[in-house]
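# Architecture and fold: a report
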Amino acid sequence: MLSPESLAQIDRELTKYPADRKRSALMSALRIAQIEKGWLSNETIEFIAHYLEQPPVAAYEMATFYNMFQLKPIGKHKITVCTNLPCALSGGADAGKYLQQKLGIGYGETTTDGKFTLMEGECMGACGYAPVMLHNNHSMCKHMTPEAIDKKLAELE
Amino acid sequence: MATFVKGVVFEDVDFENPDSWRLEEYVKRGGYAALQKIVNEKMTQDAVIAEMKTSALRGRGGAGFPTGLKWSFMPRSFPGQKYLVCNTDEGEPGTFKDLDIIKYNPHALIEGMIIGGFTMGATVGYNYIHGEVFEAYLRFEEALEEARKAGFLGNNILGGGFDFELHAHHGYGAYICGEETALLESLEGKKGQPRFKPPFPASFGLYGKPTTINNTETYASVPYIVRNGGQKFLELGKPNNGGTKLFSISGHVNRPGNYEVPLGMPFSELLELAGGMRNGKKLKAVIPGGSSAPVLPAEIMMNTTMDFDAISKAGSMLGSGAVIVMDEDTCMVKALERLSYFYFEESCGQCTPCREGTGWLYRVIHRIEHGQGRPEDLDLLLSVGGNIAGRTICALGDAAVMPVQGMLKHFRSEFEYHIENKRCIAPGY
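What counts, and at which threshold
Residues numbered from 1 in each chain as written. Chains lettered and ligands numbered in written order. Predicted model: local features only at pLDDT ≥ 70, side-chain atom pairs only at ≥ 80, totals over all residues. Heavy atoms only, no water. UniProt positions renumbered as here; feature names shortened; annotations may be inferred. Helix = DSSP H or I, 4+ residues; strand = E, 2+ residues; numbered from the N terminus. 1 Å grid on protein atoms, 1.4 Å probe; cavity = no way out; pocket = protein on both sides within 12 Å on 5 of 7 lines; lining within 4 Å. Points joined across faces, edges and corners; volume = space filled by probe spheres on them. Nonpolar A, V, L, I, M, F, W, Y, C, P; charged D, E, K, R; others polar. Phe/Tyr/Trp six-rings, centres within 6.5 Å; stacked < 30°, edge-to-face > 60°. Buried < 20%, exposed > 50% of the residue type's maximum accessible area, 1.4 Å probe, protein only.

Per an unreviewed UniProt entry, the recorded name for chain B is NADH-quinone oxidoreductase subunit F, and the organism is Silvimonas amylolytica. Recorded in UniProt under Catalytic activity (unreviewed entry), the annotation for chain B is "a quinone + NADH + 5 H(+)(in) = a quinol + NAD(+) + 4 H(+)(out)".

As annotated in an unreviewed UniProt entry, chain A is NADH-quinone oxidoreductase subunit E from Silvimonas amylolytica. Listed in UniProt under the heading Cofactor (unreviewed entry), the comment for chain A reads: "[2Fe-2S] cluster". The annotation that UniProt attaches to chain A under Sequence similarities (unreviewed entry) is "Belongs to the complex I 24 kDa subunit family."

Okay, structure coming up:
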């Protein structure tokens, strides 16, 4: 269900917690599964639960509570732009508008070619580098002026 | 950017050197000497706590609770496992200091946690890192590996007869997990819903064991205190407000970034450090301690100093030290609308007053901003706020109400103008 590489990563996460507290590794296991699969289907969530010897509902609860988990298929590149106040004061809301225009989609939507999904995000803890956006949850893009956005989008295949 | 006027957390860090964060560089500038001192001088746990108390270090995550006192709450004679936790889940709008601590000086945090582990008899620690800063998580993992290899983590550290292991835990997007008991729930692999207190974490924390949770900046200040003595740290700041503080400055300034300065610096100087107001505009208002802190108008801010007591006296709170600067063109209704949406979005839903009330606050402010406000709306906001504050398990409810109360206290006329004229008095963000 998951590649040996992903399973090895999950096994490494498990070493961080007491042997009888495998539940603690649910968050990272779901993250690792999502990186491999692109999103979390019920089957993937259930697989993770069984792998960590937890009831499926425990894993499902995690996947639905934390907003970086994706419960539906999305575009190849998820762009999350922060529009919270500190970012907005430095062009965050404008960056969001520019992205909508450029990609021709609204927040929560995916381009028809399946390449980009655009999300409106909450504070990413990087306000000093505003405007900021997050690429596929893990890569922080700073100072996202329209020119920087153009450049970044062109880089993403 | 990050810089310091007086560096404790950033002591001698070279921000231009891409390897400055590495263990080798940290040791060169006096790193791990505090830990060595504890071992060499056979310092007792009580002696460390005494220095911490003298230092007047107050929690840097937002609450400002005296760290030495918090450490003394841990039951020293408890026979079982105890835990140490670091809260790097910074998601309070305006706050981005912990990100730079891990980026530029992760070993100060690691050393501080090892000392904390020794002092409280906790042999295992976790650092819970905010979901959106994955690169910081990877760096911290790398720094941990360096510390393990060098023998600073593991068994019988430096031959001092105590053990400590430290792990990084990566969050995945929930502001509420910055609340310490929600963080513990999350660390246990559950939804981040805060626990009812008491019992406090010092008696029932992670996995039900005694646990101490401190902020990243708090731990990162500990090596300096142990190395130089609490008194020296205290003297950097003001009585009851010891040491330096990282201020994360965002908004309408020329040079946003993290500035480590002595507590008690006048706000006007801090603003100057950040390059002053962008485009030469006039300062209108400042949120001095993260989005939950009540806003203060320019004239109050320009006459206050940046420390816990002075900001509290001015009617707000120093919180996490996140300073959000707004110029004369900022519409306060629009600003508050965005903040209220944040709390509505991030309420965990456990307590009805917060789950329902944050939605009410947002919807009412939204309709004022969009020209559909009613004259009775301002009193309605205060009434809804009064039914949230103090009626929830954790402080998120209060945090959602304080910005509303602050805005209505200092900028009520702007809200009234909005309701009457159905448009902004100022252009926007």
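Attention shifts here to unusual backbone geometry. With an omega of -10°, the peptide bond between A:Ala130 and A:Pro131 qualifies as cis. With respect to the helices and strands, A:Pro131 occurs in the loop between strand S3 (116–121) and strand S4 (133–135). Between B:Pro198 and the following residue, B:Pro199, the backbone shows a cis peptide bond with an omega angle of 5°. Despite not being glycine, B:Tyr32 shows a phi value in the positive range, around 65°.

All names here are of chain B. Approximately 1300 Å³ is the volume found for the largest pocket. Along the wall of the largest pocket there are 45 residues; nearest its centre are Gly61, Gly62, Ala63, Gly178 and Glu180. Elements supplying a minimum of two residues to the lining of the largest pocket: helix H4 (67–72), helix H5 (97–104), strand S5 (211–215) and helix H17 (396–421). Considering every element that reaches the lining of the largest pocket, the biggest residue donor is S5, with 5 residues. Of the residues belonging to the lining of the largest pocket, the class tally is 16 nonpolar, 18 polar and 11 charged.

Taken as a whole and assessed by the stated rule, the structure comprises 23 aromatic pairs over all chains. Taking the centre distance of 5.5 Å and the plane angle of 10° together, the rings of A:Tyr17 and B:Tyr126 count as stacked. Highlighted residues: A:Tyr17 in the loop between helix H1 (4–14) and helix H2 (26–37) and B:Tyr126 in strand S3 (residues 124–129), drawn from two different chains. The exposure classification of A:Tyr17 matches that of B:Tyr126, with both residues buried. Where A:Phe65 meets A:Tyr66, the ring centres are 5.0 Å apart and the plane angle is 70°; that geometry is what we call edge-to-face.

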